[in-house]
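Chain and residue survey
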Amino acid sequence: MTIKSKTKMTSDGNVQVKMLIKHPMETGQRKDRKTGKPIPAHYVEVVTCEWQGKEMIRAHWGPAISKNPYLSFKISGPQAGDTLTLRWSDNKGESGEQQSQVS
Amino acid sequence: MKTLEIQRRKVLKGALATSLVALAASWGMLGNRAYASRPQMAFDAEDVDGTLKALFGDDAVQDSGEITVKGPEIAENGAVVPIKVTAKMNDVQSIAIIVPENPAPMVASFDMESGIVPEVSVRIKMGKTSDVIALVKSNGQVYRGAKEVKVTIGGCGG
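Not measured: the values here are computed from a predicted model.

Reading across from one edge, β1(A)-β2(A)-β5(A)-β7(B)-β4(B)-β2(B) is the order of the six strands in this open sheet, with antiparallel pairing throughout. Strands at the two margins of the open sheet, each flanked by one partner only, are β1 (3-9) of chain A together with β2 (67-70) of chain B. Within this sheet the neighbouring strands show an average axis-to-axis angle of 10°, counted without direction. Bridge analysis of strand β5 (residues 70-75) of chain A against strand β7 (residues 116-124) of chain B gives five bridges, and the strand direction is antiparallel. Residue pairing for β7 of chain B: Leu71 of chain A is matched across the bridge by Val122 of chain B.

Structure below.
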């Protein structure tokens, strides 16, 4: 499970962050077609973006976010060359982190 | 006997004080976070009223023309519905997205620092045709914007 991200200055002077996390986002309501057993819920619960040690946004997600979640948002403050830290963690305790440089 | 009793009380008092300090310290550490913890009760709620109550208590929710919910008129695949929420008001603290017709309406909430432009895009699952509601908390008030998305094939089951 990996993060892909793009962090860019936009013409309005804000920084746009686009990120894609590779994750199954299982709701816990689906059944395995072969065995008929329910597939356990497995979804990203939290995504955060940090800039200069400050958390800018914290997303709380449930299983109704689509598989391989996409998230985009804008922040003001960071300049080109600055680094943002993107993090996620899921309901099974798995997590990931990526540094994304503003271009 | 009396001295023993007093000593026992002292020990108890000390233990109590220590635990109070530890409690205060842990609260202090939590206090550094500007954000609320995960609104799990809202995710567990099975209807809109329960979700609203878990998110905002008894706060009144006002409709607002300053909130835009963008999404497709018709979503052929309910498993992937792109939604963009934009709020024009200042000082937005959070944006929540709920889909009343889903088995659990709560989809997501975003806590934001003041440096955030109140605009988020995500892709969500929709079981069937429903409004997509955005709830924006700004200056202690809760505002609501919505858009109906028609779903051809639902995206919650197998």
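The next subject is the packing of aromatic side chains. The full count for this structure, using the stated rule, is zero aromatic pairs over all chains. Lying over the aromatic face of Phe43 of chain B, Arg38 of chain B brings its terminal NZ or CZ to 4.1 Å of the ring centre.

All names here are of chain A. As for its placement among the helices and strands, Thr27 is situated in the loop between β2 (15-21) and β3 (44-51). A relative accessible area of 18% means that Thr27 is categorised as buried. Within polar-contact distance, the side chain of Thr27 engages the backbone nitrogen of Gln29 at 3.0 Å.

Bringing the confidence of the model for chain B into the picture now. Residue and element names in this part refer to chain B. Confidence in the prediction for chain B averages 84 pLDDT; 75% of positions are at 70 or higher. Here residues 23-34 is a poorly scored stretch, pLDDT under 50, and it has three contacts once near neighbours within four places are set aside; other chains count. At the level of chain-chain contacts, confidence expressed as ipTM amounts to 0.94, with global pTM at 0.84.

The interface is formed by 32 residues belonging to chain A together with 33 residues belonging to chain B. Both sides of the chain A and chain B interface together cover about 2,600 Å² of buried area, and 50% of this is carbon and sulfur. Of all residues in chain A, His60, Ala64 and Ser66 of chain A give up the largest surface area on contact with chain B, accounting jointly for 24% of the area buried on that side. Counting every contact that joins chain A to chain B gives two salt bridges. Residue Glu45 of chain A pairs with Arg38 of chain B through a salt bridge whose shortest N-O separation is 3.7 Å.

Quick look at the pattern of salt bridges now. All names here are of chain A. Summed over all chains, the structure comprises 13 salt bridges over all chains. When the shortest N-O distance is used, the salt bridge between Arg87 and Glu50 registers 3.0 Å. Residue Arg87 is located in strand β6 (residues 83-90), and its partner Glu50 is located in strand β3; the two are separated by 37 residues in the primary sequence. Residue Arg87 is classed as partly exposed on the basis of its relative accessible area, which comes to 29%. As a salt-bridge pair, Arg58 and Glu55 come within 2.8 Å of each other at their nearest N and O atoms. Residue classification places Arg58 among the buried residues on the basis of a relative accessible area of 16%. Its relative accessible area of 9% is what places Glu55 among the buried residues. A single network of salt bridges, built from pairs that share partners, joins Glu50, Arg87 and Glu97.

What follows covers a negative patch on the surface. Taken together, the side chains of Asp44, Glu46, Asp47 and Asp49 of chain B define an acidic patch exposed on the protein surface. Mapped onto the elements of the fold, Asp47 of chain B is located in the loop between α2 (40-44) and α3 (48-56).

Here the focus is the nonpolar core. If you look at the biggest cluster of nonpolar residues, it comprises 51 residues, and the most contacted ones within it are Val47, Trp61 and Phe73 of chain A together with Phe110, Ile124 and Val132 of chain B. When neighbours within four sequence positions are excluded, Val132 of chain B is seen to be in contact with Val69, Ile83, Ile97, Ile98, Val99, Ile124, Met126, Gly145, Ala146, Lys147 and Val149 of chain B. By size, the runner-up hydrophobic cluster in this structure holds nine residues, among which are Ala42, Ile98, Met106 and Ile133 of chain B.

This paragraph deals with unusual backbone geometry. Notably, Gln52 of chain A is not glycine yet its phi reads approximately 50°, a positive angle. Within the secondary structure, Gln52 of chain A sits in the loop between β3 and β4 (54-61). Even without being a glycine, Asn139 of chain B presents a positive backbone phi close to 50°. Summarising the element assignment, Asn139 of chain B is placed in the loop between β8 (130-138) and β9 (141-153).

Scoring rules and cut-offs
- Residues numbered from 1 in each chain as written.
- Chains lettered and ligands numbered in written order.
- Predicted model: local features only at pLDDT ≥ 70, side-chain atom pairs only at ≥ 80, totals over all residues.
- Heavy atoms only, no water.
- Pairing = 2+ DSSP bridges.
- Helix = DSSP H or I, 4+ residues; strand = E, 2+ residues; numbered from the N terminus.
- Axes fitted to C-alpha atoms, helices over the stretch in contact; angles between N-to-C directions.
- Phe/Tyr/Trp six-rings, centres within 6.5 Å; stacked < 30°, edge-to-face > 60°.
- Lys NZ or Arg CZ within 6 Å of the ring centre and 35° of its normal.
- Buried < 20%, exposed > 50% of the residue type's maximum accessible area, 1.4 Å probe, protein only.
- Polar contact = N/O pair within 3.5 Å; in protein donor to acceptor, adjacent residues only side chain to side chain.
- pLDDT = per-residue confidence, 0-100.
- Contact = heavy atoms within 4.5 Å.
- Buried area = accessible area lost by both parts, 1.4 Å probe.
- Salt bridge = Lys/Arg side-chain N within 4 Å of Asp/Glu carboxyl O.
- Patch = residues over 30% accessible without salt bridge, like charges linked within 9 Å, V, L, I, M, F, W, Y side chains within 5 Å.
- Areas by Shrake-Rupley, 256 points an atom, 1.4 Å probe, with all protein chains shown as cover.
- Lys, Arg positive; Asp, Glu negative; His and termini not counted.
- Charge placed at Lys NZ, Arg CZ, Asp CG, Glu CD.
- Core = buried A, V, L, I, M, F, W, Y, C linked by side-chain atoms within 4.5 Å.

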